[in-house]
Amino acid sequence: MSSLQRRQLSQLLAVWRLKSRVEVSLWPAATHHCRTLCSTTTQPGDPIEVHRRKLFLWFSHLPQEEKQFGGYFSPETMHVDPLILERKTEDRAGLHCSPLQTQGPSTPSITVEQLFDPAASCCEGRGLNVLLYGAVGTGKSTMVRKLVLDWCRGTTLTQFKLLVPFSCEDLGQLAKASSLRDLVSRKYLHLRKHPLLSGEGEQAKDVLFLFNGMEKMKLDFRIGASELCSDPNEPLPPGVLVVNLLRKYLLPEASVVVTTRLSALDRIPQKYVSRYAQICGFNDPDRQRAYFTSRLLQQTGETARNHEAQALIELLYLNLQRESQLGAACFLPSYCWLTCATLHFLHFTDTQAPIRTLTGIYTSFLRLNFGGEVLGSKTGTNVQLQENHSSLMLFVVRTLGKLAFDCVTYKRTSFSEKELEQWIGGETKTDEELRQLTMFRTDVLDFFLAPCLDSRKHLPKGDGENDEQRYVFAVPAMQEYLAALYVVLGENKSALEKLTRQVSVAIGQASEEVSAVVNIFSKFIPLRIFAVFNLLKLFPKLYNKISGYNKGSIARTMASEMFRTEDSQNEDVLDQVEQSLLGVHGPQLQQYSEGQPFELYPIFMGGLLHYENRVLLQQLGCSIQSTTVVQITRVLRKYLVREMSKPQPPEELMDLLVLLYEFQNPRLTAEVLASIRTIRLTNIRMTSLKCFILSSVLSCTPASYHLDQMDLSSCLLTHDHLQTLRPAFRHVTDLKLCDNPLLESGARTLLEALPENQSLTHLSLMHTGLGDAGALELADRLQKHAGLQELNVAYNNIGDNAALALVDACREHPSIHTLHLYLNPLSNVGKQSLYVRGVPESQGGSGRRVRVLASVTEGSDLSEDWHPILSVIRENASSWDRERVEQQLKVFLRDLEWGRQQQQSLWKRLHFRRVEKGVRQTLRMLEKDKLPPARK
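The structure presented is a predicted model; accordingly, all values stated were derived computationally and were not measured.

Peer 1: Quick question: what am I supposed to make of the overall build of the protein chain here?
Peer 2: Of the regular secondary structure elements, the protein chain holds 38 helices and 18 strands. For the protein chain, buried positions account for 52% of its 936 residues. Within the protein chain, contacts between residues separated by at least 24 positions form 78% of all contacts whose residues are at least 6 apart in sequence. Accessible surface computed for the protein chain: about 44,200 Å², of which carbon and sulfur atoms make up 52%.

Peer 1: Explain the environment of L581 to me, please; I cannot follow it from the model alone.
Peer 2: Relative to the assigned elements, L581 resides in helix α24 (residues 573-582). In this structure, the C-alpha to C-alpha distance between L581 and S324, residues 257 residues apart in sequence, is 9.7 Å. Not counting chain neighbours up to four residues away, the residues in contact with L581 comprise L316, N319, L326, T339, T342 and L343.

Peer 1: Just to check I follow, could you spell out the sheet that holds strand β8 (residues 449-451) for this structure?
Peer 2: Whether parallel or antiparallel, the strands of a sheet pair through hydrogen bonds between backbone atoms. Read from one edge of the open sheet, 3 strands run β7-β9-β8, paired in antiparallel fashion. A strand with exactly one partner marks an edge of an open sheet, and here the two such strands are β7 (415-416) and β8. Bridge count for β7 against strand β9 (residues 470-473) is 2 bridges, and the pairing is antiparallel. Across the sheet, F415 pairs through a bridge with Y471, a residue of β9. Sitting on the sheet, helix α18 (residues 431-448) touches β8 and β9, and the angle it makes with β8 is about 70°.

Peer 1: Would you explain the nonpolar core in this entry?
Peer 2: The biggest cluster of nonpolar side chains holds 163 residues, and the ones touching the most others in it are F448, L694 and L821. The greatest single-element share of this core, amounting to 11 residues, is contributed by helix α16 (residues 392-409). Counting 69 residues, the second-largest nonpolar core is a separate cluster that includes L180, F221, V240 and L246.

Peer 1: Explain the pairing of strand β4 (residues 207-212) to me, please; I cannot follow it from the model alone.
Peer 2: Successive residues of a regular strand alternate their side chains across the two faces of the sheet. With 5 of its 6 residues buried, β4 lies for the most part within the structure. Strand direction decides the pairing type here: strand β3 (residues 162-167) and β4, joined by 6 bridges, are parallel. Across the sheet, S167 pairs through a bridge with N212, a residue of β4. One ladder, built from 5 bridges, connects β4 with strand β5 (residues 255-260); its direction is parallel. Within the sheet, the bridge partner assigned to F211 lies in β5 and is V258. Following the chain from β4 across helix α9 (residues 238-247) to the adjacent parallel β5, one finds a crossover that is right-handed.

Peer 1: Sorry, what's going on with the packing of helix α37 (residues 882-902) against helix α38 (residues 906-927) here?
Peer 2: In a pair of packed helices, the angle between the axes and the distance between the axes together describe the arrangement. One way to put it is that α37 packs onto α38 with a least axis distance of 10 Å and a crossing angle of 165°. In terms of their interaxial angle, α37 and α38 are classed as roughly antiparallel. Two packed elements cross with a definite hand, and for α37 against α38 that hand is left-handed. Here R882, V885, E886, L889, K890, F892, L893, L896, G899 and R900 of α37 come into contact with α38, specifically with R909, F912, R913, V915, E916, V919, R920, T922, L923, L926 and E927. Here the contact of α37 with α38 is composed, by residue class, of 10 nonpolar, 2 polar and 9 charged.

Peer 1: Even after reading the chapter, I still don't get the confidence of the model for the protein chain, so can you show me in this structure?
Peer 2: Low-confidence regions, as indicated by low pLDDT, have predicted coordinates that should not be scrutinised in detail. For the protein chain, mean pLDDT is 78; residues scoring 70 or higher make up 74% of the total. Residue range residues 12-42 is modelled with pLDDT below 50. Its contacts to residues more than four positions away, or to other chains, number 21 contacts. Confidence over residues 377-389 falls short of pLDDT 50; this stretch has 18 contacts with residues more than four positions distant or in other chains.

Peer 1: How should the pairing of strand β12 (residues 732-736) be read in this particular structure?
Peer 2: Sheet analysis places strand β11 (residues 707-711) next to β12, joined by 4 bridges and oriented parallel. From the neighbouring strand, M710 faces β12, where its bridge partner is L735. Regarding topology, helix α31 (residues 719-724) serves as the crossover connection from β11 to the parallel β12, and that connection is right-handed. As defined by bridge partners, β12 adjoins strand β13 (residues 762-764) across 3 bridges and the pair is classed as parallel. For D734, the partnering residue across the bridge sits in β13 and is H762. Each parallel crossover has a hand, and for β12 linked through helix α32 (residues 743-753) to β13 it is right-handed.

Peer 1: Any chance you could explain helix α8 (residues 180-187) here in plain terms?
Peer 2: Since there are 3.6 residues in each turn of an α-helix, residues three or four apart along the chain are aligned in direction. Residues L180, R181, L183, V184 and S185 constitute the buried set of α8. Those residues of α8 hidden inside the fold are in contact with β3, α7 (168-173), β4 and α9.

Rules used in this analysis
- Here the residue index of a chain counts from 1 through its sequence in written order.
- Note on the predicted model: pLDDT of at least 70 is required for a residue's local features to be given, and 80 or more for side-chain atom pairs to be given and counted; whole-chain, interface and lining totals, by contrast, use all residues.
- The basis for the side-chain values is all heavy atoms of the structure; hydrogens and waters are excluded.
- Numbering goes from the N terminus for both helices and strands, where a helix is a DSSP run of H or I of at least four residues and a strand is a run of E of at least two.
- For every residue, the accessible area obtained with a 1.4 Å probe (protein chains only) is divided by the maximum for its type, and the residue is called buried under 20%, exposed over 50%, and partly exposed between those limits.
- Residue contacts are counted whenever heavy atoms from the two residues lie within 4.5 Å of one another.
- Accessible areas in this description were obtained via Shrake-Rupley with a 1.4 Å probe; residue shielding takes into account the shown protein chains only.
- Strand pairing is assigned whenever DSSP identifies at least 2 bridges connecting the two strands.
- Axis lines are fitted through C-alpha atoms, for helices just across the contact stretch, and the angle between N-to-C directions can take any value from 0 to 180 degrees.
- We call a set of buried Ala, Val, Leu, Ile, Met, Phe, Trp, Tyr and Cys residues a nonpolar core when their side-chain atoms join them within 4.5 Å.
- Assignment of crossover handedness uses the view with strands pointing away from the viewer, where a clockwise path from the first strand over the helix to the second indicates a right-handed crossover.
- In what follows, roughly perpendicular refers to angles from 65 to 115 degrees, roughly parallel to angles under 35, roughly antiparallel to angles over 145, and oblique to any angle outside these ranges.
- Each crossing gets its hand from how the near helix is turned against the far one by less than a right angle, where anticlockwise is left-handed and clockwise is right-handed.
- Each residue gets one of three labels, nonpolar for Ala, Val, Leu, Ile, Met, Phe, Trp, Tyr, Cys and Pro, charged for Asp, Glu, Lys and Arg, and polar for the others, Gly among them.
- Scored from 0 to 100, pLDDT reflects the predictor's confidence in each residue.

If you want it as structure tokens, here you go:
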């Protein structure tokens, strides 16, 4: 061997070793199980053991969508067995179990292993054919994955030495004929020429074939369409091989399990099916709770997060037990997944994880359930549907999306069976369209729609007498998502747009032929008529102009729906999403209201324009072109800038931030925020997610951008939230964090974050539970905040010594001129000392005075700031501790009375009386729980 060959060989070996290490690192969850499987065999090179190891690795791989949960679990820890019922031949196509069935089913639930009980075999020497079927979302694919993994571990179906799974979607794409053995070895090379597949003797009785998604193959059991074959080495189309396996003509001793949807149930003749079993999902709240527990409790191991997850599970369980609409939706495991993914998004935000959006969750959810699904052509025919008509998801958009759009337009959440028939049935013309519609109704309709549990709650007043069954979307947000997708895809075209589109496509497909025809006709047709032909050539431009107007109307719709004045008193949209999952605890709100708000609708429209969502939708057969995004964005920017120049209620402003976050367009975000100088989110219940959204949106702005004020008062902020908000604090001049339980830890976190802000001048930490420790922490770190001018630490349970230390720190600070310390338990001596410390000594010092606002008096004189102090108390007393505020007001009265007695001037005494009257009025109003704004 030459030196060059040796060098090339060594390089190849190095690459192979590196690739092996990478492959091992990609499967950390499976490493332990692989070692266990390897250790149980005495022959590591045995093809069956190699097959077990490789199958385990392949089926342990989780879809990309599962990374929403942080990747803390493996398939075996998150699986909950759905209800499986054996069906007799005559009732195999019966209805599902009741979604909210309180009693057990009449037929006992069985396991897949029980379906292959040898005693159930009708003929000696023949394997069983088991047909597992269920609607979309009942858990067929998940159960198949669990079945394969359990066989690999040796915990189920141990009577079979070999399990050979196939995807019917893959088999349906194979056009080349091949033998059964070649088909197996093509996917599982290690099983090439294995004796169990030779067909000799009865060795095949130890083999189980699994065909997942049979509806994606064209199986034809007619002898004239699929010839008989008993030789595993004879090349035939894949569909013919599957037919002969089910006929028991090819490897009759082997057993076969087939999974399929309801609509394809009759594609296999009854005589070829040994047992039918229906996967019925989760028919009771206990199975649903087990699923939620397996998902939401698989966190990082932090005690606080596990406590929060446990609390969420309890709230979910309460909502399910009361037979809520959510319980009906979670009958399908897919909706349990969507519920968990949404709650994980709302409550377990991880700033280190990839960006997740609500629109992305719903898009991923649809990709998990409908990726690659098509409305195929009729069995036994060669009719090929056009690509834009074959996507099942596109069919959903054009039917259910149209229904959702109509209901959102007219502010409705439910519809009758007659209305459903009108929207879904439409006008069908051909047998193929009727067949597609039947398939859609059987497999998909119940996935999106559910009977309304209490129709009267969704009807306007006066319509409750009609007992007609009404339907709703299984999850309310899905109605708004499909409506948004219907609009963004441009499906709500006018008749003129549809006409110009058809002409445009026709001319684009045959431009050369049209030109030739025009040239010929120009020699025989009068000039005026010939001008019509030239006009036809301009139709593509005309269509682009009309479609551009349509995209502008989409943007205007988004903006108008975002800033509806009647929605301004609603809770922010994230809280609404949470309440739809966890229920409303306490007094029940009225279910129906005129002008039902659909605030997720415009947010979903913005999120669907994001590139990652468009990629996922492209895989579903729903294309949103980049030119469409550009045109919508251009118009939307103008509307958002105009609307945001007006003051917005905190809830509406939070929704706008969510829209910008879902959009994931930094340039648009920066241009919209350029028109905003104040962010007031007072009384918004800030969560980790909302804090992350605020920080993410503000991070899109340039370094020169500054907010005049950010008011996050009464937002239930904690020190963990402040850590998430660090990027947002860089842009603020006046920061208000009043009435939040920050405590000492929050003060420390805040002070660590603020040095990055060079523009902060006013900081208000009133009523944040700082205490003496927090005040001393502030005193130690004030020098790091050189631009600060005013500090408010009123109502923080700060004593004399800590207050004095804070005043001394403010005097040494280069720019602080005002310190608020009122409503703190300060003694009279302490107050007097504070005022003395606030005035610079005649000798030395900086010569700068610090105004200390500790009471409405300063010794024997009135404080010049008595009015701002009383105004703050009046504005906040309704949310503060009443007893504490009343006590402080009585202290003010004693201070005023003592100061008035020390005055010789009648004018000053009258002034004291005036202030005293205002304090007494405030105290009386507080006792009566009636506090109007303070008069100036």
